[in-house]
Amino acid sequence: MNNSRRSFIKLSALGASGVALSSAAFSAIPIKDTINSGVAKIDPLPLKRTATYCEVCFWKCAAWAFSDEQGTIHKIIGNQNDPHCFGRLCPRGTGGVGMYSDKDRLKHPLIRTEINGKQEFKEASWEEALNLVASKMQTIKDQYGPESMALIKHGSPGSHLEHLFKAYGSDTIAEPAYAQCRGPRETGFGLTFGSWVGSPEPTDIRDTKCLVLIGSHLGENMHNSQVQEMSDAIDNGAKIITVDPRFSTVASKSQFWLPIKPSTDIALLLSWMHVLIYEDLYNKEYVEKYGHGFKALKKHVKPFSPEWAYGITAIKPDQIRKTARAMAAAAPSTIVHPGRHVTWYGDDSQRARAVAILNGLLGSWGNKGGFYFKEKIKIPKYPHPKYPHPKWGWKEIGEKFPFAEMGNTTEVIKASIASENQKYPIKGWFVAGTNLVASVPQKNIIEKAVESLEFIVVMDTMPMEITGYADVILPECTYLERYDGLRSSPNREPSVALRAPAVEPQYNTKPAWWMAKELGNRLGLADYFDFENIEEVLDWQLKQIGSSLKEMKKIGVKNFKRKSGPLYLEKGKPYEFPTQSGKIEFYSEELAGMGLDPMPVYTPHETPDSGFYRLNYGRSPMHTFSRTINNPNLSDLTDENTLWVNPKVARIENLKKGQEVWLENQDGIVSQFPIKVRVTERIRWDSVYMYHGFGHNNKKLSRAHGKGISDTDMITRIKVDPLMGGTGMRGNFVKIHAENPAKEVLI
Ligand SMILES: Nc1nc2c(c(=O)[nH]1)N[C@H]1C(S)=C(S)[C@@H](COP(=O)(O)OP(=O)(O)OC[C@H]3O[C@@H](n4cnc5c(=O)[nH]c(N)nc54)[C@H](O)[C@@H]3O)O[C@H]1N2
Ligand SMILES: Nc1nc2c(c(=O)[nH]1)N[C@H]1C(S)=C(S)[C@@H](COP(=O)(O)OP(=O)(O)OC[C@H]3O[C@@H](n4cnc5c(=O)[nH]c(N)nc54)[C@H](O)[C@@H]3O)O[C@H]1N2
Ligand code: SF4
Ligand SMILES: [Mo]
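Attention here is on the structure that accompanies the text.

Thresholds, definitions, all that
Residues numbered from 1 in each chain as written. Chains lettered and ligands numbered in written order. Predicted model: local features only at pLDDT ≥ 70, side-chain atom pairs only at ≥ 80, totals over all residues. Heavy atoms only, no water. Patch = residues over 30% accessible without salt bridge, like charges linked within 9 Å, V, L, I, M, F, W, Y side chains within 5 Å. Areas by Shrake-Rupley, 256 points an atom, 1.4 Å probe, with all protein chains shown as cover. Salt bridge = Lys/Arg side-chain N within 4 Å of Asp/Glu carboxyl O. Lys, Arg positive; Asp, Glu negative; His and termini not counted. Charge placed at Lys NZ, Arg CZ, Asp CG, Glu CD. Helix = DSSP H or I, 4+ residues; strand = E, 2+ residues; numbered from the N terminus. Buried < 20%, exposed > 50% of the residue type's maximum accessible area, 1.4 Å probe, protein only. Near = heavy atom within 4 Å. Polar contact = N/O pair within 3.5 Å; in protein donor to acceptor, adjacent residues only side chain to side chain. Nonpolar A, V, L, I, M, F, W, Y, C, P; charged D, E, K, R; others polar. Phe/Tyr/Trp six-rings, centres within 6.5 Å; stacked < 30°, edge-to-face > 60°. Core = buried A, V, L, I, M, F, W, Y, C linked by side-chain atoms within 4.5 Å. Contact = heavy atoms within 4.5 Å. 1 Å grid on protein atoms, 1.4 Å probe; cavity = no way out; pocket = protein on both sides within 12 Å on 5 of 7 lines; lining within 4 Å. Sits in = over half its atoms within 2 Å of the grid points.

**Quick word on a negative patch on the surface**
Point 1. There is a patch of like negative charges on the surface, built from D527, D530, E532 and E536.
Point 2. Relative to the helices and strands, E532 resides in the loop between helix 17 (512-522) and helix 18 (534-544).
Point 3. Residue E532 is classed as exposed on the basis of its relative accessible area of 63%.

Right under this line is the structure:
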């Protein structure tokens, strides 16, 4: 990217101001009467209590932030009445105050300028920055149409900008939480039960007797209420079955750990179906009543005996039988968890369908201890004129994927690379709340797109890597300094949570809703933002659902009674599933009609060549993706990732504990930094493992820069899901080098 029109700008490292703060957020503060009172009486200062919901990850736990008049936030604790957290935050949520106190934060609007041939960011006023963004958006609209401006977003800023984009005329919208995360499971479950799993997942873990986790490592994956419910279920004697090539934390709490050969899960799932059906262990009454195509499924899985699966998965037949029987013994209070980050090998929607079918055979969907029928409150939209109809948008960009239900980030990036026959030309990006270079693999296509684009604006709170590609950077204040949209989430009972500012925004930062409104005014869309401030909108919305801003400020979370009917299927009452057949589709007529596999099929995937190991990655319990690595409180707890290698691999590669190594992948891509070796039996000998999110290369991130390796950098080969376009990331292989191989080449 040297000498390019838009070179990546790494601002120099900060000096003393970047020194890590102490982990004050974790120190015990004598708070009495914190619940159900407006003010916590703390000696010697009274602290103000403000309702919020956490933005450190997307579980969005409702919380109370305690602050003083000087603007210090002393503590954030969970809201007792919140079904996402039951009054307790995870360590990341507790450390969320570090997002506010981080001295590396973006502090002012920045505009890319060229000084003596060198590109730099210069500080700008909000007036200058917003005028520039609006004029570029207007130019793109006039020259190419509004569709050519894309919004790539994640998290809370997204909804404010989505409204701006729809008003402006663009539906070219995508987020990495779909095609790089849970998209395939929504397709797989949608095709089987007729509805998305959604977030939070309606898994009745509290009352389960058997929880099956397939590459879903709850406990490291810190989804709060699920982890708490799982821990209670374990205390109540629930069996846990973990299928993971790695001995995860939850594997250590499991009755059965099945260390599967990576990429072979569909074979195991088919074999489990075989045992349930041919040992007569499935829920006959349920299947007869609610199932469609069971006979075809029975025939389909006949050859898939545990002996057949053993040769593929390396799981012993006896283990496959025992685990299938354990699931059946607990059914219908058994959950085969749908997983969440499921974009693995390209056949992910089909694997998710296999998981769904298994739940169908066990009778788990709609039964206590399985999956409940969730309910949420629909928050009315603040009145505004009708949105215009774009000529094309995310649907057309992803048109080759028949089951895509949201924009696909990878396809939007590809459509941004200029070419002769660009069908859906994207010319500008508005990136908000997503560090694309860390969350979407194949950096080369991102860089090509960046080269082609006429304009990029990034809205973030931190100088993350993506900001280095921006023409304009809009600094958002953190979640602790702003109002946001209401959190309305589907649960056993509907609930609504408020986010209000605990403190004034630091520096020259502003909330996304304000930026969206200001841009709307400049783009002639003021009618869509017919309010003075967001309090007006929130109060109006809350009044429509029987509350008010005043009430929500006091209680933070409001729980509502169910209106949609019972939590589970009712004995003796008919129930129609929202599928084509009105039943659970063991056999999918829809897929068959399109010439696609109507039932999941196992296909082998590539395995590493000699000298290479499969790159496996997952969640750091103390971090969220790349977003918290620089957080002063959380980097105190884990400041780098390590490379997990099996002792056998350590012997072959002559590796010592703590030794720094470099990685090179199958396409010759070398890691930007070294990573320390961790020798452990907890990973199979054919794979290596690391936490996702590390290896930041922006020097402005004083704590995160150069710490560990970015898994995303090493993922250059992707396996695309033909059903919905998911970006399968787990087919990459790495070599381990004691010295930096890139350096060797240079010498
Ligand atoms: N290699 C690899 N890639 C992955 C994954 C993986 O495990 N490995 N996981 C995938 C999954 S499951 C997901 S969901 C996606 C997640 O993808 P992303 O959401 O893109 O994840 P982050 O890297 O955390 O980027 C979040 C960005 O939002 C910024 N941010 C944080 N808070 C705010 C805020 O309040 N306002 C604004 N404006 N910005 C904010 C952060 O500073 C950061 O730049 O990544 C996917 N990509
Ligand atoms: N602490 C923390 N918690 C989080 C997040 C976070 O960033 N930090 N992010 C949240 C988000 S958005 C998501 S999507 C979820 C993601 O959480 P999960 O859906 O649980 O996914 P991963 O973190 O990708 O976990 C991957 C697991 O799959 C295993 N695995 C790898 N290959 C295979 C295979 O071929 N077969 C099987 N059976 N297993 C395999 C890995 O060893 C690892 O244990 O986590 C959520 N929770
Ligand atoms: S699970 Fe943790 S990080 Fe995620 S929203 Fe809840 S407290 Fe915040
Ligand atoms: Mo995700």
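**Overview of the site of ligand 2**
Point 1. Looking at ligand 2, there are 32 residues lining it, with H217, D244, D265, Y345 and H623 nearest.
Point 2. Between E220 and ligand 2, the recorded distance is 3.0 Å, taken from a backbone N or O atom to a nitrogen atom.
Point 3. Here an oxygen atom of ligand 2 and a side-chain polar atom of R246 are 2.9 Å apart.
Point 4. For ligand 2, whose unbound accessible area comes to 920 Å², protein coverage reaches 99%.
Point 5. Sort the elements by how many residues they give to the shell around ligand 2 and strand 21 (residues 613-618) lands first, with three residues.
Point 6. For the shell around ligand 2, the residue count by class is 12 nonpolar, 12 polar and eight charged.

**Details of the packing of aromatic side chains**
Point 1. Here the structure, examined in full by the defined rule, presents 28 aromatic pairs.
Point 2. With 6.3 Å between their ring centres and 40 degrees between their planes, F193 and F577 make a pair best called tilted. Here F577 lies in the loop between strand 19 (557-559) and strand 20 (584-585) and F193 lies in helix 5 (residues 176-193), a separation of 384 residues in the sequence. For the pair shown, F193 and F577 are each scored as buried.
Point 3. Residues F294 and F586 carry aromatic rings whose centres are separated by 6.3 Å and whose planes lie at 70 degrees to one another, so their mutual orientation is edge-to-face. With F294 in helix 9 (residues 294-301) and F586 in the loop between strand 20 and helix 20 (589-593), this pair connects stretches of sequence that are 292 residues apart.
Point 4. What makes F294 buried here is its relative accessible area of 15%.
Point 5. Within the aromatic cluster, the residues linked to one another by ring pairs are F189, F193, Y286, Y290, W365, F371, F373, Y575 and F577.

**So, the nonpolar core**
Point 1. W272, M273, L297, M327 and L361 are the most contacted members of the largest nonpolar core, which totals 63 residues.
Point 2. No other element matches helix 7 (residues 265-278), which puts 10 residues into this core.
Point 3. Residues contacting L297, with those up to four places away along its chain left out, are M273, I277, I357, L361, F586 and M599.
Point 4. In terms of nonpolar packing, the next biggest core, distinct from the first, is built from 55 residues, F66, M515, L542 and F560 among them.

**Structural notes on the pattern of salt bridges**
Point 1. Enumeration according to the criterion identifies 42 salt bridges in this entry.
Point 2. Of the charged contacts, one joins K423 and E399 as a salt bridge, the two residues approaching to 2.7 Å between their closest N and O atoms. Of the two residues, K423 sits in the loop between helix 14 (409-414) and strand 14 (428-432) while E399 sits in the loop between helix 13 (394-397) and helix 14, which places them 24 residues apart along the sequence.
Point 3. According to the relative accessible area criterion, K423 is exposed, its value standing at 57%.
Point 4. Judged by its relative accessible area of 43%, E399 is partly exposed.
Point 5. In this structure, D484 engages R499 in a salt bridge whose closest nitrogen and oxygen atoms are separated by 2.8 Å. Of the two residues, D484 is situated in the loop between strand 16 (472-475) and strand 17 (487-489) and R499 in the loop between strand 18 (495-497) and helix 17; the sequence distance between them amounts to 15 residues.
Point 6. Judged by its relative accessible area of 2%, D484 falls in the buried class.
Point 7. Where salt bridges share partners, they join E55, E476, R482, D484 and R499 into one cluster.

**Observations concerning the site of ligand 1**
Point 1. As a matter of local geometry, ligand 1 sits amid 31 residues, with H154, T434, S439, D460 and S626 nearest to it.
Point 2. At 2.7 Å, a side-chain N or O of E476 approaches a nitrogen atom of ligand 1.
Point 3. Between ligand 1 and R619 there is a distance of 3.0 Å, counted from an oxygen atom to a side-chain nitrogen or oxygen.
Point 4. Contact with the protein chains hides 98% of the accessible area of ligand 1, taken as 920 Å² for the molecule alone.
Point 5. Judged by its atoms lying within 2 Å of the grid points, ligand 1 is housed in the largest cavity.
Point 6. For the shell around ligand 1, the secondary-structure elements that each account for two or more residues are helix 5, helix 15 (436-439) and strand 15 (455-460).

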